[in-house]
Amino acid sequence: MATTQAGALYVVATPIGNLGDLTARARAVLGEVDAICAEDTRHTRQLLGALGIERPLLALHEHNEADMAWKLVERLKAGDRLALVSDAGTPLVSDPGYRLVREVRAAGLKVVPVPGACAAIAALSVAGIPSDRFCFEGFLPAKSSARRERLAALSREPRTLVFYESSHRIEESLADLVAMFGPEREAVLARELTKLFETVLGDTLGGIAGQVAVDENQRKGEFVLVVRGCEDDGEAKLLEGQRLYAKLAEHLKPSLAAKLAADISGAPRKALYGGGE
């Protein structure tokens, strides 16, 4: 019995490391479709080789997706069965595919999810941090100034936060998180999930930052960081007040900067300026 339908796009989750995490349904779909749209055809070719599957591959990435989308819609209209995969995990989760899925749906064609591995959900499932409400933030900005600005906006977020990070920015990003959220904020850092050197570090941002700083191995691979949301409204106000004070004090007298920061954030003025008048 055929697993796929003519004229449908299948969004297929692939393993994030362990090949055993590919579902039987995903394997069947990849073996039946007329072509597979892949973020990196070389990477996907290796996966298909390990599965003993030979299918035509079409490159679909952030640089060509806008141009490719309409061509793929035409193929679907002609009855082709297509699959969409990313390099690892669930497509569209910090990976290309959004434009294609949107165009296919706009054309009235069928988009079918084939669920499976997702690094964000895998990390959340082992973090031991509240998971009933969470906010996926993907990758933080590359530059520290923009990263801190984004983190400042999230410092009072009550939901659990989930971030992706790369090996060449993990140490700097942790330092900014400590600066903006405080070293005692509960967090878990999951590295190389499902792979040979998988590690899950926990308890606080400060503790994780310290472990990563002294262990070169903990700065290698791919990372998911799960951070507990802000529970203490007083703490959130203080963090926001400190952020505002630091900015305002660059241009105003410290006493005036503290007053304005306290008025805007609700934080105690004395806590921002040591009680000075």
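Rules of the game
Residues numbered from 1 in each chain as written. Predicted model: local features only at pLDDT ≥ 70, side-chain atom pairs only at ≥ 80, totals over all residues. Heavy atoms only, no water. Salt bridge = Lys/Arg side-chain N within 4 Å of Asp/Glu carboxyl O. Buried < 20%, exposed > 50% of the residue type's maximum accessible area, 1.4 Å probe, protein only. Helix = DSSP H or I, 4+ residues; strand = E, 2+ residues; numbered from the N terminus. Expected span 1.5 Å × (residues − 1). Arc of directions from axis to C-beta. Phe/Tyr/Trp six-rings, centres within 6.5 Å; stacked < 30°, edge-to-face > 60°. Lys NZ or Arg CZ within 6 Å of the ring centre and 35° of its normal. Pairing = 2+ DSSP bridges. Axes fitted to C-alpha atoms, helices over the stretch in contact; angles between N-to-C directions. Contact = heavy atoms within 4.5 Å.

## Observations concerning the pattern of salt bridges
- Applying the stated criterion to the full structure yields 15 salt bridges.
- Ionic pairing is found between R169 and E165, a salt bridge with its closest N-O pair at 3.4 Å. Across this residue pair, the class does not change: R169 and E165 are buried.
- Connected through shared salt-bridge partners, R147, R148, E172 and D176 make up one network.

## With respect to helix α7 (residues 170-181)
- Compared with an ideal rise of 1.5 Å per residue, which puts 12 residues at 16 Å, α7 spans 16 Å between its outermost C-alpha atoms and is within 8% of the ideal.
- All buried positions along α7 are accounted for by I170, S173, L174, D176, L177, M180 and F181. Here the buried residues of α7 occupy an arc of 160 degrees about the axis, which is enough to place them on one side.
- One or two steps after α7, the chain reaches G182, where phi turns positive at roughly 95 degrees.

## Here we look at the packing of aromatic side chains
- Here the structure, examined in full by the defined rule, presents 2 aromatic pairs.
- Arranged with centres 5.7 Å apart and planes meeting at 65 degrees, the rings of F139 and Y164 form a pair that is edge-to-face. Placement of the pair is F139 in strand β6 (residues 134-139) and Y164 in strand β7 (residues 160-166), with a sequence separation of 25 residues.
- For F139, a relative accessible area of 43% puts it in the partly exposed group.
- The exposure class assigned to Y164 is buried, which follows from its relative accessible area of 10%.
- Aromatic rings pair up to connect F136, F139 and Y164 into one cluster.
- The ring of F181 carries the charged tip of R185 above its face, separated from the ring centre by 4.6 Å.

## Details of the sheet that holds β7
- Spatial ordering of the open sheet is given by β6-β7-β10-β8-β9, a layout of 5 strands whose pairing is mixed. This sheet does not close on itself; its edge strands, each paired only once, are β6 and β9 (199-204). Here the strands of the sheet are splayed against their neighbours by 15 degrees on average, with no regard to which way each runs.
- When β7 meets strand β10 (residues 222-227), the two strands line up antiparallel, connected through 6 bridges. Along β10, the bridge assignment pairs V162 with V226.
- Against the sheet, α7 touches β7, β8 (186-191) and β10, its axis set at about 150 degrees to β7.
- Where helix α8 (residues 205-214) meets the sheet, it contacts β8, β9 and β10, and its direction lies at approximately 135 degrees from that of β9.

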